[in-house]
Structures are given as structure tokens and as C-alpha cells.
Amino acid sequence: MENNSLNKKIIEQVKNRIVISNVESEENMKINKKKQILSIAAVAVIMLTGGFFTVNAATNGELAENIKDTIKVVFVNDDGTENEVEGTTYKDSNNHTIETYETNDNGKTHTLEVDKTNLDDENMTINGTIKDDEASITIDNEE
């Protein structure tokens, strides 16, 4: 009789250890999978960053120059506050890149369209400030 109860206890202990071992191995697999995904993502980011710097160096900095903004438009409200406006970009029938800047203030609509292709071809930048009654636009050569 004692052997039966002892055998049952031993079998139950072994089953419990097997279950615990299985749960631990599943948890370790989940952790390892997360580590692998993070490692792959980190390597991808490093590769993309390294590729950007390599191409930028090979083109004498042209890639970084093309990324920076060549157009800055600021609309000035009646109270003197300035709002820098982000433009929307589209291609026209001549395959030129056109950027449109628009703001609505007190029922008044101000719109500015700039041919970005021409600015890039001439290596120029444009800064514009528009008020209700006046506009000042500065075009600078980037040389």
C-alpha cells in the first residue's frame, strides 16, 4: 500500500516537473524569437543608415542636399502671428514638380504655387512671406 502512494507521489512530481519544464521552454522560445526580431530590425536599420551615408559620400553630399527643403513659405496673419505652411506636391503635364501652399484665414484664401523642378535645376531656394496686402519673396542661389 505504501508503495502505491509513494509511486503516485513520484509520478505526480515527475508530471509536474515535465509541465514546468515545458512552460519554461515555451517562454524561452518566445523570448528568443523577440530577440531575433529585434536583432533583424536593428541590422536592417544599420544597413539602411550605412547605405545612406555611403551613397551620400559617393555623390559628394548631393543626397543630403536634395533632402533638405528648398522652399519655405510663411503666412502672416492680421495680428502679426506667423504660420509656416507645409505644401502639397503634384506633377504637372510637363512632368514638373509643383508645390502648392494654401491657407485660409478669416475667410481669406492665400495660395502660392512654386515650380520646384525649376528651383532644383537652378540650385535655388525660395523664402516667402505673404500678408493680406503685401508679399515678399526671396530667391537665393545655394552656391
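Residues numbered from 1 in each chain as written. Predicted model: local features only at pLDDT ≥ 70, side-chain atom pairs only at ≥ 80, totals over all residues. Heavy atoms only, no water.

Visitor: Please explain the overall build of the protein as it appears in this structure.
Guide: Looking only at helices and strands, one finds three helices and seven strands in the protein. Listing the helices and strands of the protein from first to last along the sequence gives α-α-β-β-β-β-β-α-β-β. Scored against the burial criterion, the 143 residues of the protein give a buried share of 18%. Of all intrachain contacts in the protein linking residues separated by at least 6 positions in sequence, the fraction that spans at least 24 positions is 29%. A total accessible area of about 11400 Å² is found for the protein, and carbon and sulfur atoms account for 52% of it. (Helix = DSSP H or I, 4+ residues; strand = E, 2+ residues; numbered from the N terminus. Buried < 20%, exposed > 50% of the residue type's maximum accessible area, 1.4 Å probe, protein only. Contact = heavy atoms within 4.5 Å. Areas by Shrake-Rupley, 256 points an atom, 1.4 Å probe, with all protein chains shown as cover.)

Visitor: Help me understand unusual backbone geometry, please; the structure alone is not making it clear to me.
Guide: Peptide bonds are mostly trans, and most non-glycine residues show a negative phi. The phi dihedral of N95 is positive, around 65°, even though this residue is not glycine. Along the chain, N95 falls in the loop between β3 (88-91) and β4 (97-105). A residue is classified by how much of its surface remains accessible, and N95, at 55% relative accessible area, is exposed.

Visitor: How should I be thinking about the side chain of T100 in this particular structure?
Guide: Here T100 shows up in strand β4. The residues touching T100, leaving out its near neighbours within four places in the chain, are G87, T88, Y90, T111, L112 and E113.

Visitor: Sorry if this is basic, but what is going on with the confidence of the model for the protein here?
Guide: Low-pLDDT stretches of the model should not have their predicted coordinates read in fine detail. Confidence in the prediction of the protein, expressed as mean pLDDT, is 76, and 72% of residues score 70 or more. Within the protein, helix α1 (residues 2-58) carries the highest mean pLDDT (85), whereas helix α2 (residues 62-67) carries the lowest (57). (pLDDT = per-residue confidence, 0-100.)

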